[in-house]
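Given next are the chains, with one letter for each unit.
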Amino acid sequence: MFKLRFLTAGESHGKALTGIIEGIPANLSLTPEYINNQLKRRQKGYGRGGRMKIESDRVEIISGVRWGKTLGSPISLLIKNRDWENWHDGMSVEGSKAGSIAPVTRPRPGHADLAGVIKYNQQDIRNILERSSARETAMRVALGSVARRLLEHFGIRIGGFVTSIGPVRYEINQAMLKEEELTELARRAESSELSVPEGALEEKMREEIDRAKTEGYSLGGTFLVFATGLPVGLGSHIQWDRRLDARIAQAMLGIQAIKGVEIGSGFRMSERPGSEVMDEILPSERGSKLSVSRASNHAGGIEGGMTNGMPLLVRAAMKPIPTQARPLRSIDIQSGEAIEAAYERSDVCAVPAATVIAEAMLALVLCDAFLEKFGGDSIEETETNLKNYTSTYL
Ligand SMILES: Cc1cc2nc3c(=O)[nH]c(=O)nc-3n(C[C@H](O)[C@H](O)[C@H](O)COP(=O)(O)O)c2cc1C
């Protein structure tokens, strides 16, 4: 992050999650309701565990906003963990409560459990899993909502939908990747419990999740997140870490269980001749000579690490959830003996939630790149800078 920075804190069964975001200009309208709507989107999804029924996340804005507008100061947020009432002693900060619940000693394959206890010299896996849990992403979605609000102010929209659950795939083609079509697909996905734009496919995905649940295994999947309305030139070709595609990839892989990222046609481009996958440049139909259009969008809206004005397209792959109702082989870290891995209430499939988290992470990266390009300590100053750039260079 170059202009924006943010941090989250909080354990899964601790008192609350907290977060700070700094770098948002003054005078942007922001309400808790706006953030809560995004938090609600993260909690939906067929195949989630019991936790989602307990937690109905609501944010409290602690600082950085006065009378509905940002102040330019750090914005700090709080989300209380409703489950905390069951964990007062088990997650207490007080030493006198030590040992009030049994330690977790059976690491789950695919989780942070084993490497974490070794690295942090712990005897109780709970001291690792409480933070490695994706509960933390609720705060990332809240912070991402602040970034999303800023982008929205400048006509940049972010959306997403699920493209597969386990083996059931929603096939997409170039024609579906235009601004209007993407917006429509995301709108349809919004009313689907699995965030998939096609009803018939959703049914198949549900069946797949039901089967996984009955047989005690978990499922992964893929999703697409996108942004429209981006100005040309966010990110840069001049240094590896300034490339927007690199920054997006890090943000996506920074989400728990995300194991693959693709920009535009990504891996599939590698199998086709160059003549078919470069997006030919067509003369402008609008006033300015450089407001060109493209014959296709295999690049996914980024060339040379910079936005090129086309919709930004990011796909990612989520592995199946590590915790299995029918546990896998593991060891007990106290005795070293072979034993089954621990099972704690868990999701069977969380791809729809991961899509919302990915939207939030994309918003944070784009907001950072937008402010890096256009700067400004107040929204009015940022507006002037953007207007100046587009009227001078486009
Ligand atoms: C939205 C979401 C929900 C998740 N829910 C669970 C869960 O209920 N149980 C679980 O074992 N892992 C869950 N995970 C995945 C783990 O957090 C993740 O696999 C683990 O932290 C290890 O990180 P890694 O898979 O990136 O290596 C979830 C991930 C996301 C993004």
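In the block above lies the structure referred to throughout.
Residues numbered from 1 in each chain as written. Predicted model: local features only at pLDDT ≥ 70, side-chain atom pairs only at ≥ 80, totals over all residues.

Asks: Help me understand the site of the ligand in this model?
Replies: Taken together, 21 residues lie near the ligand, and Ala134, Gln256, Thr323, Asp347 and Ala350 sit nearest. In terms of residue count, helix H11 (residues 351-374) provides more of the shell around the ligand than any other element does, 3 residues in total. Each residue belonging to the shell around the ligand can be placed in one class, and the counts come to 10 nonpolar, 9 polar and 2 charged. (Near = placed C-beta within 6 Å. Helix = DSSP H or I, 4+ residues; strand = E, 2+ residues; numbered from the N terminus. Nonpolar A, V, L, I, M, F, W, Y, C, P; charged D, E, K, R; others polar.)

Asks: Where do I start with the sheet that holds strand E6 (residues 75-80) in this structure?
Replies: Sheets are built from strands that pair by backbone hydrogen bonding, the pairs being arranged parallel or antiparallel. If you trace the 4 strands from one edge of the open sheet to the other, you get E1-E2-E6-E3, paired in antiparallel fashion. Each edge of the sheet is formed by a strand with only one pairing partner; in this case those strands are strand E1 (5-9) and strand E3 (59-63). Geometrically, the sheet is characterised by an average inter-axis angle of 20 degrees between neighbouring strands, direction not taken into account. Across 5 bridges, the pairing between E1 and strand E2 (residues 16-22) is antiparallel. Paired with Phe6 across the bridge in E2 is Ile21. (Pairing = 2+ DSSP bridges. Axes fitted to C-alpha atoms, helices over the stretch in contact; angles between N-to-C directions.)

Asks: Please explain helix H1 (residues 32-43) as it appears in this structure.
Replies: Every α-helix carries 3.6 residues per turn, so stepping three or four residues along brings you back to the same face. For H1, with 12 residues, the first-to-last C-alpha span of 17 Å sits near the 16 Å given by 1.5 Å per residue. Among the residues of H1, Ile35, Gln38, Leu39, Arg41 and Arg42 are the ones counted as buried. Projection of H1 onto a plane perpendicular to its axis shows the buried side chains occupying an angular sector of 155 degrees, all on one side. Those residues of H1 that are exposed and aimed more than 90 degrees away from the buried face are Glu33 and Asn37. In this fold, the buried residues of H1 make contact with E3, helix H5 (137-153) and H11. At the exit of H1 stands Gly45, carrying a positive phi of roughly 130 degrees. (Expected span 1.5 Å × (residues − 1). Buried ≥ 20, exposed ≤ 12 C-beta atoms within 10 Å, placed from the backbone. Arc of directions from axis to C-beta. Contact = placed C-beta atoms within 7 Å.)

Asks: Any chance you could explain helix H7 (residues 199-215) here in plain terms?
Replies: An ideal rise of 1.5 Å per residue puts 24 Å on 17 residues; H7 measures up with 25 Å between its terminal C-alpha atoms. Of the positions making up H7, those classed as buried are Leu201, Glu202, Met205, Glu208, Ile209 and Ala212. Buried residues in H7, looked at end-on, bunch into an arc of 120 degrees, giving them a common side. H7 presents Gly199, Ala200, Glu207, Thr214 and Glu215 as exposed residues on the side facing more than 90 degrees away from its buried surface. For H7, the secondary structure elements touched by its buried residues are strand E7 (157-165) and strand E8 (168-169). One or two positions beyond H7, positive phi appears at Gly216, with a value near 85 degrees.

Asks: I'm lost on the nonpolar core in this one. Help?
Replies: It is characteristic of soluble globular proteins that their nonpolar side chains tend to be buried jointly. In this structure, Ala142, Leu362, Leu364, Leu366 and Cys367 are the most contacted members of the largest nonpolar core, which totals 86 residues. Looking at this core element by element, the count peaks at 18 residues for H11. Beyond its immediate chain neighbours, meaning those up to four positions away, Leu366 contacts Leu151, Ile156, Ala227 and Leu234. (Core = buried A, V, L, I, M, F, W, Y, C linked by C-beta atoms within 7 Å.)

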